Amino acid sequence: MIQKLADWIVFSLFGIDATSHLGKALNFFLYDTTKILILLFFISIIMGIINAYFPIERLRNYLLSKKMYGLDYLLASIFGAITPFCSCSSIPLFIGFVKGGIPLGVTFAYLITSPLVNEVAVAMFIGSFGLKITAIYVASGILLGVVGGFILGKMNLRPLLSDWVKQIQIDQNAETQQFEAENTSFLERLPSIVNDAWKIVKGVIIYVIIGIAIGAVMHGYVPEGFFQEYLAANKWYAVPAAVILAVPMYANAAAIVPVIDVFVAKGIPLGTAIAFMMAVVGLSLPEATLLKKVMTLKLIGIFFGVITLFIIISGIFFNIIL
Amino acid sequence: MEIKILGSGCAKCKSLYEITKQAVEALGIEANLVKEEDMMKIISYNVMRTPAIVIDEKVVSQGKEHTVESAKKLIQSLL
């Protein structure tokens, strides 16, 4: 339906030749932008509903009250995926977890997955690569949190926290009662959830347009197989190079996915592309600066190092199996 | 009453401060509005999601954006 609309606008309304570069690029742009914004809106609503009923405080209380035998890593990671990530919230959240006595590794599992799998990335992935690739991306993001968190948890990193964080007393009882006891019905909550979803869409709309515009231009003009020569799967350094290049980059998922989409269409292996995406979205310098408030530089280095390594491994793995 | 907006200076926190200010003015009540950006103090309220609203030392909202209307309602419920 969206395709028909885009066809009609570009080819009939504007009267641009359907076989021309301009026609193709414009059509691709219109179709993708519309589709992705609609997707983003609905995914944000679904995540909003989940978050309204399972706030992060509830997860923490749950993790504290039950013995989980390793399942806590998975739970924390899944929660990281479904909660909207806001970098300004990551410090209070980190403290809230540590203070409650949740193991550092479980806290890391959450911290790893939270930026990696978010509503914007998921919407962009479905729109650009389809459901199957999105499922792979989400599953590997969650797995990365579990494995990364588990390994970091085994490393005895508590001494590397900032001094003031170490001094925080573990106090499990002080705050469990602090729930927002909202007894509002679903229908009463829906308007504010829809409103929040709309805000998310409005916040990234410009990046989606820029990303897709760049993608559309490349889509129409870059010849097939163009990148194959330089970043093919058979070169061993392709994945590590892509990931290391991506770590210091801090691009909005909304702007980067459409570009990656074109890279893949023109010959870059999917595993390399996914690894690149994960490194761009999951690890960034602004995040590191924030984390400096609660961790020593050494700990941030270990944290980023472990994740980088696992992203590289998963990229190579995907290149083999996909 | 004393109203504190907790948040480490992100865009959402700033917008919540403005919205709360408008809500207080619209209600025409006497309230001392404070912007709390010190991370240590924010943490002392056991808040895990910012921005948060603290009214008379009690956390009444966290991790949520408000409209002037919903902020008014929230304040009124505690008057």
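Just above sits the structure.
Summary of the structure given here. This structure is a prediction, so every number in the text was calculated from the model and none was measured.

Scanning chain A for helices and strands turns up 16 helices and zero strands. Taken against the 2.2 N^0.38 rule, which gives 20 Å for 322 residues, the C-alpha radius of gyration of chain A at 21 Å falls within 12% of a compact globule. Taken over the C-alpha atoms alone, chain A extends approximately 70 × 55 × 30 Å along its principal axes. Per-residue burial over chain A gives 51% buried out of 322 residues. Put simply, 83% of the contacts in chain A that link residues at least 6 apart link residues at least 24 apart.

Next up on the list: unusual backbone geometry. Residue and element names in this part refer to chain B. Residue threonine 50 is joined to proline 51 through a cis peptide bond whose omega torsion reads -5 degrees. Turning to its location among the elements, proline 51 is positioned in the loop between α2 (39–44) and β3 (52–55). Phi is positive for asparagine 46, which is not a glycine, with a value near 60 degrees. Along the chain, asparagine 46 falls in the loop between α2 and β3.

Here we come to helix α3 (residues 56–65) of chain A. Because an α-helix packs 3.6 residues into every turn, residues spaced three or four apart end up facing the same way. If you check which residues of α3 of chain A are buried, you get Ile56, Glu57, Leu59, Arg60, Asn61 and Leu63 of chain A. Considering only its buried residues, α3 of chain A is in contact with α4 (71–82), α5 (90–100) and α6 (104–116) of chain A together with β4 (58–62) of chain B.

Let us look at the interface of chain B and chain A. Each partner contributes residues to the interface: chain B has 19 residues there, and chain A has 22 residues. A combined buried area of about 1900 Å² lies between chain B and chain A, and 54% of that area is made up of carbon and sulfur atoms. There are zero salt bridges connecting chain B and chain A. Where chain B packs against chain A, one counts one residue pair in polar contact (both at pLDDT 80 or more). Put simply, the parts of the chain that give the side of chain B that touches chain A at least two residues each are α2 and β4 of chain B. The greatest single-element share of the side of chain B that touches chain A, amounting to four residues, is contributed by β4 of chain B.

Once that is clear, we can look at the packing of helix α7 (residues 119–129) of chain A against helix α13 (residues 253–265) of chain A. When two helices pack together, their arrangement is given by the angle between the helix axes and by the axis-to-axis distance. Residues and elements named next belong to chain A. One can describe the packing of α7 onto α13 by two numbers: an axis separation of 9 Å at closest approach and a directional angle of 25 degrees. The angle between α7 and α13 places the two elements in the roughly parallel class. Crossing handedness for the pair α7 and α13: right-handed. Residues Val120, Ala121, Met124, Phe125, Ser128 and Phe129 of α7 touch α13, and the partners they reach there are Ala253, Ala254, Val257, Pro258, Ile260, Asp261 and Val264. Looking at side-chain class alone, the contact of α7 with α13 contains eleven nonpolar, one polar and one charged residues.

A separate point is the sheet that holds strand β1 (residues 2–6) of chain B. By definition, the strands of a sheet pair up through backbone hydrogen bonds, in either a parallel or an antiparallel sense. Residues and elements named next belong to chain B. Within the open sheet, the four strands sit side by side as β2-β1-β3-β4. Their pairing is mixed. The two strands at the open ends of the sheet, each matched to only one other strand, are β2 (32–36) and β4. Ignoring strand direction, the axes of neighbouring strands in this sheet form an average angle of 20 degrees. Taken together, the four bridges between β3 and β4 define a ladder with antiparallel strand orientation. Residue pairing across strands places alanine 52 opposite glutamine 62, the latter belonging to β4.

This paragraph deals with α13 of chain A. In this model, α13 of chain A (13 residues) spans 18 Å end to end at C-alpha, consistent with the 18 Å of a helix rising 1.5 Å per residue. Taken residue by residue, α13 of chain A has Ala253, Ala254, Ile256, Val257, Pro258, Val259, Ile260, Asp261 and Val262 of chain A as its buried positions.

Residues and elements named next belong to chain A. Considering the arrangement of structural elements, one finds methionine 47 in helix α2 (residues 21–53). Considering only alpha carbons, one finds methionine 47 and glutamate 119, 72 residues apart in sequence, at a separation of 7.5 Å. Among all residues touching methionine 47, those that are not within four sequence positions of it are Ala81, Ile82, Asn118 and Glu119.

Conventions we followed
- Each chain has its residues counted from 1, following the order in which its sequence is written.
- Lettering of chains starts at A and numbering of ligands starts at 1, both following the order in which they are written.
- Residues qualify for local features only when their pLDDT is at least 70, as the model is predicted, and side-chain atom pairs are given and counted only at 80 or more; totals for whole chains, interfaces and linings, by contrast, use all residues.
- Water and hydrogen atoms play no part in the side-chain values, which are based on all heavy atoms of the structure.
- For the purposes of this entry, the term helix denotes a DSSP run of H or I that reaches at least four residues, the term strand denotes a run of E that reaches at least two, and both are numbered from the N terminus.
- Within these notes, the globule rule equals 2.2 Å times the number of residues to the 0.38 power, and the radius of gyration is based on C-alpha atoms.
- Each residue gets one of three labels from its accessible area relative to the maximum for its type: buried under 20%, exposed over 50%, partly exposed in between, using a 1.4 Å probe on protein chains only.
- By the convention used here, residues are in contact when the closest approach between their heavy atoms is within 4.5 Å.
- The term buried area refers to how much accessible surface (probe radius 1.4 Å) is lost by two components on association, counted for both of them together.
- Here a salt bridge means any side-chain nitrogen of Lys or Arg lying within 4 Å of a carboxyl oxygen belonging to Asp or Glu.
- By the criterion applied in these results, polar contacts are pairs of N or O atoms within 3.5 Å in which, for protein atoms, one can donate a hydrogen and the other can accept it, and in which residues neighboring in sequence qualify only through two side-chain atoms.
- An axis is simply a line fitted to the C-alpha atoms; with a helix, the fit covers only the stretch in contact. Between two such axes, the angle follows the N-to-C directions and lies from 0 to 180 degrees.
- Note on terminology: angles under 35 degrees are roughly parallel, angles over 145 are roughly antiparallel, angles of 65 to 115 are roughly perpendicular, and the others are oblique.
- Helix crossings fall into two classes, left-handed where the near helix is turned counterclockwise from the far one by less than a right angle and right-handed where it is turned clockwise.
- Note on residue categories: nonpolar means Ala, Val, Leu, Ile, Met, Phe, Trp, Tyr, Cys or Pro, charged means Asp, Glu, Lys or Arg, and polar means any other residue, Gly included.
- The pairing criterion for strands is at least two bridges between them, as found by DSSP.
- Helix span is expected to be 1.5 Å times the residue number reduced by one.

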